[in-house]
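As a plain string of letters, each chain reads:
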Amino acid sequence: MFLFCMLRVDEWTDVDRKRVMNDIITTMFNKKFMEELFKPQELYSKKALRTVYDRLAHASIMRLNQASMDKLYDLMTMAFKYQVLLCPRPKDILLVTFNHLDAIKDFIRDSPNILNQVDETFRQLIDMYSCLSAGEFQLIRQTLLIFFQDMHIRVSIFLKDKVQNSNGRFVLPISGPVPWGTEVPGLIRMFNCNGDEVKRVEFTNGGNYISPQREGSFDLYGDRVLKLGTNMYSVSRPVETHMSGASKTLASHTKENAAPNPLAKEELNFLARLMGGLEIKKPNGSEPGFRLNLFTTDEEEEHAALTRPEELSYKVINIQATQDQQQNEELARIMGEFEVTDQPRQSTSKGDDLLAMMDEL
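Thresholds, definitions, all that
- Residues numbered from 1 in each chain as written.
- Predicted model: local features only at pLDDT ≥ 70, side-chain atom pairs only at ≥ 80, totals over all residues.
- Heavy atoms only, no water.
- Axes fitted to C-alpha atoms, helices over the stretch in contact; angles between N-to-C directions.
- Helix = DSSP H or I, 4+ residues; strand = E, 2+ residues; numbered from the N terminus.
- Left-handed = near helix turned anticlockwise from the far one by under 90°.
- Contact = heavy atoms within 4.5 Å.
- Nonpolar A, V, L, I, M, F, W, Y, C, P; charged D, E, K, R; others polar.
- Salt bridge = Lys/Arg side-chain N within 4 Å of Asp/Glu carboxyl O.
- Buried < 20%, exposed > 50% of the residue type's maximum accessible area, 1.4 Å probe, protein only.
- Expected span 1.5 Å × (residues − 1).
- Arc of directions from axis to C-beta.
- Phe/Tyr/Trp six-rings, centres within 6.5 Å; stacked < 30°, edge-to-face > 60°.

Some remarks on the packing of helix H2 (residues 14-28) against helix H7 (residues 112-129)
Okay, so step 1: Packing of H2 against H7 leaves a shortest axis separation of 10 Å and a crossing angle of 40°. As H2 runs across H7, the sense of the crossing is left-handed. Residues Asn-22, Ile-25 and Thr-26 of H2 pack against Ile-114, Gln-117 and Val-118 of H7.
Okay, so step 2: Here the residues of the contact of H2 with H7 are counted per class, giving three nonpolar, three polar and no charged.

In structure tokens:
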């Protein structure tokens, strides 16, 4: 979703787009970063997810201010929530992920080294998740939906397609293909104690369902069939996000964002280990860099920054990471491998506070 947005910046040249894409994808699929993500762990908090997202978004020389970053994050979270919610069956979450990776591979098809990184992640996903049962996939889907259940941000592209209501909630379809391995609803079969069918009752299902033609491919290459997770901007149109009334009410109750959390230090320490090496690229010398603005005008952007509830601004908690960086050789090694060597970087002092650097985004 984030990378699709990058392609829609009209003032960028193809070279600019390719450079920014390569930088972000190289950082996103760094080997050590992927190894940490694939380790068994608790689901990230919303704060941790936002911090990771901010760091990835600024892994290149591109820059976003707070209002544009908020808007981009809202688009990403609501698009992914929509995809998870509308999966025909729990296992199709994997097909959605494969659609994401297929699209990323199209962005970097001329960069074989980066392509190998993505293919390796592809293989890890296949090895880890292709053998899971339907019940395990359902648990994953339920966990993700619980994470997103209080997010009801209106997105114009969804409103125009009539898949989202004015209150920010999505509309479930009552037509189209049924999940693979199931039948079109409309028939009840009754069986006796011996397992023999003794009666059939037909009923009107109230929708316009059809049988799926085939199952999507779960291989490295193949037709996924499912369209969820493909480029939702294939047709050019403006995109806006709006806080629904329910979300504004929710903002007044999200005191957890301001209240001290006894687990916050441990969570941020783990995040420091995970993201420690994601250095922020700075324009070098006379290079101007890029500024991405997702609003139509600067005035609209300033208005969005002023009207967004303070509780949803995702302020970063600062912790001192100097001692950890000096004492943990493994963290230093991971940090070194996160660097993108294609582009020059502005050096940073060894004792910089990791999370203080996030404030500079």
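Further notes follow.
Description of the pattern of salt bridges
Okay, so step 1: The final tally for this structure, using the stated rule, is twelve salt bridges.
Okay, so step 2: Between Arg-50 and Asp-54 there is a salt bridge, with its nearest N and O atoms 2.8 Å apart. Here Asp-54 and Arg-50 lie together in helix H4 (residues 46-57), a separation of four residues that amounts to about one turn. Each member of the pair, Arg-50 together with Asp-54, is buried.
Okay, so step 3: The residue Lys-105 makes a salt bridge to Asp-119 at a minimum N-O spacing of 3.0 Å. Separated by 14 residues along the polypeptide, Lys-105 in helix H6 (residues 92-107) and Asp-119 in helix H7 bring together distant segments of the chain. Judged on exposure class, the residue Lys-105 and its partner Asp-119 are both buried.
Okay, so step 4: When salt bridges that share partners are traced, they join Glu-183, Arg-189, Glu-197 and Arg-200 into one network.

Some details on helix H8 (residues 134-148)
Okay, so step 1: Over its 15 residues, H8 runs 21 Å from end to end, which matches the ideal 21 Å to within 8%, given 1.5 Å per residue.
Okay, so step 2: For H8, the set of buried residues is Phe-137, Arg-141, Leu-144, Leu-145, Phe-147 and Phe-148. Looking straight down H8, one finds its buried side chains confined to an arc of 155°; they lie on one side. Set apart from the buried face of H8 by more than 90 degrees, the exposed residues are Gly-135 and Leu-139.
Okay, so step 3: Summarising the contacts, the buried residues of H8 are in contact with H4, helix H5 (66-85), H6 and H7.

Regarding the packing of aromatic side chains
Okay, so step 1: Within this structure, the stated rule accounts for eight aromatic pairs.
Okay, so step 2: Both rings, one in Tyr-82 and one in Phe-170, keep their centres 5.1 Å apart while their planes meet at 55°; by these two values the pair is tilted. Residue Tyr-82 is found in helix H5, and its partner Phe-170 is found in the loop between helix H9 (156-160) and strand E3 (175-177); the two are separated by 88 residues along the sequence. Neither residue differs from the other here; Tyr-82 and Phe-170 are each classed as buried.
Okay, so step 3: Aromatic side chains Phe-158 and Phe-170 sit 5.4 Å apart centroid to centroid with 85° between the ring planes, which places their arrangement in the edge-to-face category.

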